[in-house]
Amino acid sequence: ADQLAPAACLSRVGARKGAPCKSRTATIAPSLARRQGKHVHYCTTTMRRTPNRDASPPGEHLPLVHGSSAKPAVARESLWYHSSFLIMAEAMGMGVLGIPHATAQIGWVWGLTACVAFGLVSTYSSLLLGRVKNDAFAQAESYADVALAAFGPAAARLTRASVLLTWQSILPFFLLACAESARTFAPWALLDTPTWLLLVALLLLPPLQLRTLHQVAWLSFASSVAIVAAISAIMAALLLQARDDAAPASPPSAGGRRHSVWLPSGAASLDSFGAVSAFVFAYQCHSVLLEIMREMREPRSFPAAARAAYGVMGLVYTCTCVLAYGAYGSEVAGFLPDSMPPGHAKRLVGLLLALHTAVAYMVAAQPLHRSIHASLLAEPGGGARAALCWLCVSSGVLLLSIVLATAVPFFSDLQSLLGSLAGAPMMFGFPALFYLRACRAHGLALSWFDAAACHFLLYLLTPTLVVLGTLSSMRSIAHSWEVALAADAAAQAQPAYLR
């Protein structure tokens, strides 16, 4: 709290009041203290606000955004490797299954460059958030908390709305990916996409009643193992299939498996931004990083968790792009398992991916559920009433996710749209903005590299991806709907015995 508001507007020792402080950051402190319901005392030597440790037990978190009078105490149980598992479970998911197709759209050089570059940039921006939390706004638990302390209530409300919309927009993607994985596991069940979405939602509802991220930490470890095993199985199957197709007795594939070093011939420059946005989405989980730090036993160990998680993700993503695009070239599917030949290996991959995406949905939905839950209950906590409210919130979010996933049932297109529209601001814009503001408000040293990098992320990379990436993704979605409707019309025109 002392870092959240470095100087008090009205200092006092006992019953004696001091002179008012005229700094802007100091004027935030009393209003924050009143909203937080925090008992404070003042140091007699420095005349600075310090938290009353007796009145504020460890584990208490301050209601910087929600309307409740006190946030429920959260046990700080997660170690750095728990947090690393959570990051990988949230980010290293279905995004990796769409980036080989994105590489096919922009060629070897641009694809591998985007894969490595966005991995490095995402690591850097996550470290920026760690500095913001540990060096400036120690009590912040979310983007909205940082915005409140740095810019005021209006910015906090706007930021909170943006984050909630981002979380809600990502959930349909995980739900759709889980349904596609379940279809891959059980191809004999001739069910349409909405039916699969409903079945997956019913299976997800019971575990969604877990109410802390630490409770799903070990599920996240199993989820990370599952995605690595699934990718390994996919790579092995694709390489074996490519070797068989390369045999002299094998007929050439229709159209050929073309590989492009640079941008493929005939590809529009605007369409390449949609492909690049797919890489952004593959690394994006920054909007929940402060939530993850919230439950860490030692938040200052977060850089180790971020480096480990993004290091593993960068290695897995690069290997996946090289092997999948190298094996299948321009014919690699938008949903990578669809490139596998039918058989037991493909069904096993479907099962592993269904497990992973189910856990990814739980990790992504848990902060959203908690935020809505805290807004609905005046005193969130335990008890039957709180559990019933959590059930209603999780069920409502599931239903909305089903509707949105049904509206855009195209895996690769939805991934690109989310990467440009939601991923770029959360991954590049907000971390850079928060760090620049923290350095200015708290007098932190800002190196020339950090200044140049933050301004590049905030004023160049984020607007470019949001505008051009979104336009490219919307064009691709419209084209996909045209193709799908034309295929349905052709199927309906056939005689019944040929369908």
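Residues numbered from 1 in each chain as written. Predicted model: local features only at pLDDT ≥ 70, side-chain atom pairs only at ≥ 80, totals over all residues. Heavy atoms only, no water.

**Structural notes on the environment of Ala365**
Reasoning step 1: In this structure, Ala365 sits in helix 11 (residues 344-376).
Reasoning step 2: According to the relative accessible area criterion, Ala365 is buried, its value standing at 0%.
Reasoning step 3: Through-space distance from the C-alpha of Ala365 to that of Trp167 is 7.0 Å; in sequence the pair is 198 residues apart.
Reasoning step 4: Excluding residues that lie within four positions of it along the chain, Ala365 makes contacts with Leu171 and Leu208. (Helix = DSSP H or I, 4+ residues; strand = E, 2+ residues; numbered from the N terminus. Buried < 20%, exposed > 50% of the residue type's maximum accessible area, 1.4 Å probe, protein only. Contact = heavy atoms within 4.5 Å.)

**A few points about the nonpolar core**
Reasoning step 1: Among the nonpolar cores identified, the biggest contains 136 residues, and Phe118, Met313, Tyr317 and Tyr361 are the most heavily contacted of them.
Reasoning step 2: Sorting elements by how many residues they give to this core places helix 13 (residues 411-442) first, with 15 residues.
Reasoning step 3: Setting aside chain neighbours within four positions, we find Phe118 in contact with Val276, Phe279, Val280, Tyr283, Met427, Phe428, Leu461 and Leu465. (Core = buried A, V, L, I, M, F, W, Y, C linked by side-chain atoms within 4.5 Å.)

**Some details on the side chain of Ser78**
Reasoning step 1: As for its placement among the helices and strands, Ser78 is situated in the loop between strand 4 (49-51) and helix 2 (80-91).
Reasoning step 2: You can call Ser78 buried: its relative accessible area is 1%.
Reasoning step 3: If we skip the residues at most four places from it in the chain, Ser78 touches Ser83, His214, Glu295, Met296 and Arg297.

**What about the pattern of salt bridges?**
When the charged atoms of two side chains lie near each other, side chains of opposite charge can form a pair.
Reasoning step 1: Across all of its chains, the model carries six salt bridges by this definition.
Reasoning step 2: With its nearest N and O atoms 3.7 Å apart, the salt bridge here joins Arg183 to Glu180. Of the two residues, Arg183 and Glu180 are both situated in helix 5 (residues 153-185); the distance of three residues between them amounts to about one turn of the helix.
Reasoning step 3: Overall, Arg183 belongs to the partly exposed group, its relative accessible area being 26%. (Salt bridge = Lys/Arg side-chain N within 4 Å of Asp/Glu carboxyl O.)

**Here we look at the packing of aromatic side chains**
Reasoning step 1: Summed over all chains, the structure comprises 14 aromatic pairs.
Reasoning step 2: Measuring from centroid to centroid gives 6.0 Å for Trp80 and Tyr81, while their planes differ by 85°, and the two rings are edge-to-face.
Reasoning step 3: What makes Trp80 partly exposed here is its relative accessible area of 39%.
Reasoning step 4: Considering the side-chain rings of Tyr124 and Phe449, the 5.8 Å spacing of their centres and the 80° angle between planes classify their relative orientation as edge-to-face. Note that Tyr124 is positioned in helix 3 (residues 99-136) and Phe449 in helix 14 (residues 448-493), a separation of 325 residues in sequence.
Reasoning step 5: Grouping aromatic residues by their ring pairs yields a cluster made of Trp80, Tyr81, Phe85 and Phe221. (Phe/Tyr/Trp six-rings, centres within 6.5 Å; stacked < 30°, edge-to-face > 60°.)

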